[in-house]
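# Observations on chain architecture
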Amino acid sequence: MFAGESLLYRVLALLFLALVAGFVAFQTAKGRAFFRLFKEAKGEIRKVVWPTRQETLQTTAIVVVAVLIVGLLLWGLDSLLGWIVSGAIG
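Residues numbered from 1 in each chain as written. Predicted model: local features only at pLDDT ≥ 70, side-chain atom pairs only at ≥ 80, totals over all residues. Heavy atoms only, no water.

For the record, the criterion: UniProt positions are given in the numbering used here, feature names are shortened, and annotations may be inferred rather than shown by experiment.
Per an unreviewed UniProt entry, the chain goes by Protein translocase subunit SecE and derives from Marinobacterium zhoushanense. Under the heading Subcellular location (unreviewed entry), UniProt records this for the chain: "Membrane". The UniProt entry for the chain carries the following comment under Function (unreviewed entry): "Essential subunit of the Sec protein translocation channel SecYEG. Clamps together the 2 halves of SecY. May contact the channel plug during translocation."

Put into structure tokens, the structure is as follows:
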């Protein structure tokens, strides 16, 4: 319907409508509660103690090794059970 209009005008109109929708939503009790929750969540994120680069790399390495070990164990179990089943049914 608006394909004949400039892309810039369509984007600006969309941004304007989003701002109007946000303003209207802020006028309701649920809208105010949502924005308050959003502000509180931002405050909680600031309180988080993020791991150092070394801690992140060590944790990642432990997870990768654990996944490889479990994967090899499952592969071995699958192979063993496949061998047993193929031997039983000929």
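### What to know about the overall build of the chain
Heads up, the rule is: Numbering goes from the N terminus for both helices and strands, where a helix is a DSSP run of H or I of at least four residues and a strand is a run of E of at least two. Using C-alpha atoms as the atom set, the radius of gyration is obtained and then compared with a globule rule of 2.2 Å times the number of residues to the power 0.38. Exposure is judged per residue with a 1.4 Å probe applied to protein chains only, and the accessible area is read against the type maximum: over 50% gives exposed, under 20% gives buried, and values in between give partly exposed. Residues scored as positive are Lys and Arg, those scored as negative are Asp and Glu, and His as well as the terminal groups of each chain are ignored. To locate a charge, take atom NZ for lysine, CZ for arginine, CG for aspartate or CD for glutamate.
Looking only at helices and strands, the chain has three helices and zero strands in total. Along the chain, helices (α) and strands (β) appear in the sequence α-α-α when read from the amino end. Its C-alpha radius of gyration of 28 Å places the chain more than 25% over the 12 Å reference for a compact globule of 90 residues. Residue burial in the chain is summarised as follows: out of 90 residues, 1% are buried. In the chain, 9 positive and 5 negative side-chain charges are present, and the distance between their average locations comes to 13 Å.

### Overview of the pattern of salt bridges
Defined as follows: In what follows, salt bridge is the name for a side-chain nitrogen of Lys or Arg lying within 4 Å of a carboxyl oxygen of Asp or Glu.
Evaluation of the coordinates by the stated rule reveals one salt bridge. The shortest N-O distance in the salt bridge between Lys-47 and Glu-44 comes to 3.3 Å. Taken together, the positions of Lys-47 and Glu-44, both in helix H2 (residues 29–47) and three residues apart, correspond to about one turn of that helix. Judged by its relative accessible area of 48%, Glu-44 is partly exposed.

### Description of the packing of helix H1 (residues 7–26) against H2
Stated precisely, the cut-off is as follows: Helix axes are fitted to C-alpha atoms over the stretch in contact, other axes to C-alpha atoms as well, and angles between N-to-C directions run from 0 to 180 degrees. To sort the angles, those under 35 degrees are grouped as roughly parallel, those over 145 as roughly antiparallel, those from 65 to 115 as roughly perpendicular, and the leftovers as oblique. Contacts: residue pairs with any heavy atoms within 4.5 Å of one another.
Where H1 meets H2, the axes come as close as 6 Å, and the angle between the chain directions of the two elements is 105°. In terms of their interaxial angle, H1 and H2 are classed as roughly perpendicular. Counted together, Gly-22, Ala-25 and Phe-26 of H1 and Gly-31, Arg-32 and Phe-35 of H2 form the full contact between these two elements.

### Things to note about the packing of aromatic side chains
Quick note on the threshold: Side-chain rings of Phe, Tyr and Trp, where Trp is taken by its six-membered ring, are said to pair if the distance between their centres is within 6.5 Å; with planes under 30 degrees apart they count as stacked, over 60 as edge-to-face, and otherwise as tilted.
If you walk through the whole model with that rule in mind, you get two aromatic pairs. Between Phe-34 and Phe-35, the ring centres sit 5.6 Å apart and the planes meet at 70°, which makes this aromatic pair edge-to-face. Owing to a relative accessible area of 30%, Phe-35 belongs among the partly exposed residues under this scheme. Connected via pairs of aromatic rings, a cluster forms that spans Phe-26, Phe-34 and Phe-35.

### Some thoughts on the UniProt feature "transmembrane region" (unreviewed entry) in the chain
In this structure's numbering, the residues bearing the UniProt feature "transmembrane region" (unreviewed entry) are residues 6–26 and 56–77. Between the C-alpha atoms that bound residues 6–26 there is a distance of 30 Å. The span itself is 95% helix and 0% strand. Taken end to end, residues 56–77 comprises 100% helix and 0% strand; its first and last C-alpha atoms sit 32 Å apart.

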